[in-house]
Amino acid sequence: MQKILIVDDAEINRELLKDIFEDEYSILEARDGQEAIDIIDLHKLSISLVFLDLVMPNKSGLDVLSFMNDRGYIDHIPVIMITGEATIESDLRTYEYGAADIIYKPFEPSIVTRRAKNLIELYQNRESIERQLEERTKELRKSQEQLAKNNEFLINALGSVVEFRSLESGEHVKRVKNISGAMLSSAKRLFPEYGLDDSKIHMITQAAALHDLGKIAIPDVILNKPGRFTPEEFAEMKMHTIYGCRILENFKQSDSEFYRYCYEICRWHHERHDGNGYPDGLVGDEIPVWAEAVAVADCFDALVSKRVYKSSFSFETAFSMIKEGKCGVFSPNIMKCFEDSADELVRAYSDSEDPY
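Note that the coordinates shown come from a computational prediction; the quantities given were computed from them, not determined experimentally.

Along the backbone of the protein chain there are 15 helices and five strands. With 356 residues in all, the protein chain has 46% of them scored as buried. When contacts within the protein chain are restricted to residue pairs at least 6 apart in sequence, those whose partners lie at least 24 apart make up 63%. Of the roughly 18500 Å² of accessible surface on the protein chain, a fraction of 52% belongs to carbon and sulfur atoms.

Where helix 2 (residues 33-43) meets helix 3 (residues 61-71), the closest approach of the two axes is 9 Å, and the angle between their N-to-C directions is 25 degrees. Between helix 2 and helix 3, the angle falls in the class roughly parallel. Where helix 2 crosses over helix 3, the handedness of that crossing is right-handed. Contact residues: Gly33, Ala36, Ile37, Ile40 and Asp41 in helix 2; Asp63, Val64, Phe67, Met68 and Arg71 in helix 3. Split into classes, the residues belonging to the contact of helix 2 with helix 3 amount to six nonpolar, one polar and three charged.

Glancing now at the environment of Tyr243. By secondary structure assignment, the location of Tyr243 is in helix 10 (residues 240-249). Residue classification places Tyr243 among the buried residues on the basis of a relative accessible area of 17%. Taking the C-alpha atoms as reference points, Tyr243 and Ala217, separated by 26 residues in sequence, lie 6.7 Å from one another.

Attention shifts here to helix 10. Most of helix 10 sits inside the fold, with seven of its 10 residues counted as buried. Buried within helix 10 are the following residues: His240, Thr241, Ile242, Tyr243, Gly244, Cys245 and Leu248. Those residues of helix 10 that are buried are in contact with helix 9 (231-238) and helix 11 (257-268).

Turning to the sheet that holds strand 4 (residues 79-83), a few remarks are in order. The five strands are arranged 2-1-3-4-5 in an open sheet whose pairing can be described as parallel. Every other strand in the sheet has two partners, leaving strand 2 (26-30) and strand 5 (101-104) as the edge strands with one partner each. Taken pair by pair, the neighbouring strands of this sheet meet at an average axis angle of 20 degrees, ignoring direction. Bridge analysis of strand 4 against strand 5 gives four bridges, and the strand direction is parallel. Each residue of the ladder has a partner; that of Thr83, found in strand 5, is Tyr104. Together, strand 1 (3-7), strand 2 and strand 3 (47-53) form the strand contacts of helix 2, whose direction differs from that of strand 2 by roughly 140 degrees. Where helix 4 (residues 88-96) meets the sheet, its contacts fall on strand 4 and strand 5, and the angle it forms with strand 5 comes to roughly 145 degrees.

Calculation criteria
- Residues numbered from 1 in each chain as written.
- Predicted model: local features only at pLDDT ≥ 70, side-chain atom pairs only at ≥ 80, totals over all residues.
- Heavy atoms only, no water.
- Helix = DSSP H or I, 4+ residues; strand = E, 2+ residues; numbered from the N terminus.
- Buried < 20%, exposed > 50% of the residue type's maximum accessible area, 1.4 Å probe, protein only.
- Contact = heavy atoms within 4.5 Å.
- Areas by Shrake-Rupley, 256 points an atom, 1.4 Å probe, with all protein chains shown as cover.
- Axes fitted to C-alpha atoms, helices over the stretch in contact; angles between N-to-C directions.
- Parallel < 35°, antiparallel > 145°, perpendicular 65-115°, else oblique.
- Left-handed = near helix turned anticlockwise from the far one by under 90°.
- Nonpolar A, V, L, I, M, F, W, Y, C, P; charged D, E, K, R; others polar.
- Pairing = 2+ DSSP bridges.

This is the structure:
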């Protein structure tokens, strides 16, 4: 049975309200504001409605409303203030404190009954809608999480197709993601002006899996050539940055931050700080930090991995080659991040899990 709390220092008023509602509701009674607070704190949200006198000893009706606000009860338990003071000031204060309605003494039982039932029904319906919305939100969140996992799987699978076509180890995509994520985490701490946060870093590291997407369009005879490229072959190999973007344009999503990361990484992960990169010859800050982080990660993994055209270098040698500019010039900021995350870079070759 639903509970109604009647709070009034006058017994006759409590009895009158009790007579009206006791056939349909379980009645709780309080003789002053402090008793009301104790009862509300004990029964909490099992109370369906409170009739509350304004002027009482110990604590007033406004004191009770203040307590209910502090505990968050006022959002779930409707309160009807019972008062003999019909002033604009007291009414305004009552509503400001969260009362749902005001009834003036003496009151008509049939009117009180109707207004009480309407409020109980209104609050119960609202609670029901909020619960449904909460459940629906949980379901949508689960669906979005599953969609994100599916998208991540497809992105990684597509990146792996490129790896296997180019006879690489099958781990290149994962390592580039992990190394890029470590460097961007350093950038988040060292260079807050980049505006990086964990959500953006996660998106960027997922986008990094597609950095070599355009190699799908490079002929095998060039892609897997064991010797030095001719000028014509090298020109065709450099086109993988353009080919990748052309493929991505078929899946373009307007105003998508993730798509922008994919596109810029795919196109600009071979740009260099001094303008000697390709395909656009970007200089300095024209290169987004995420594209440059993937560029360093790609270089580092290429150096320490065995390829058809080269043997692997040691970690120490690879670090030195990148810092000395033998793989092209990178920005001072990204090099600080590279050095700061050195331990994480090495760990990327021993950890099997993908933290990003």
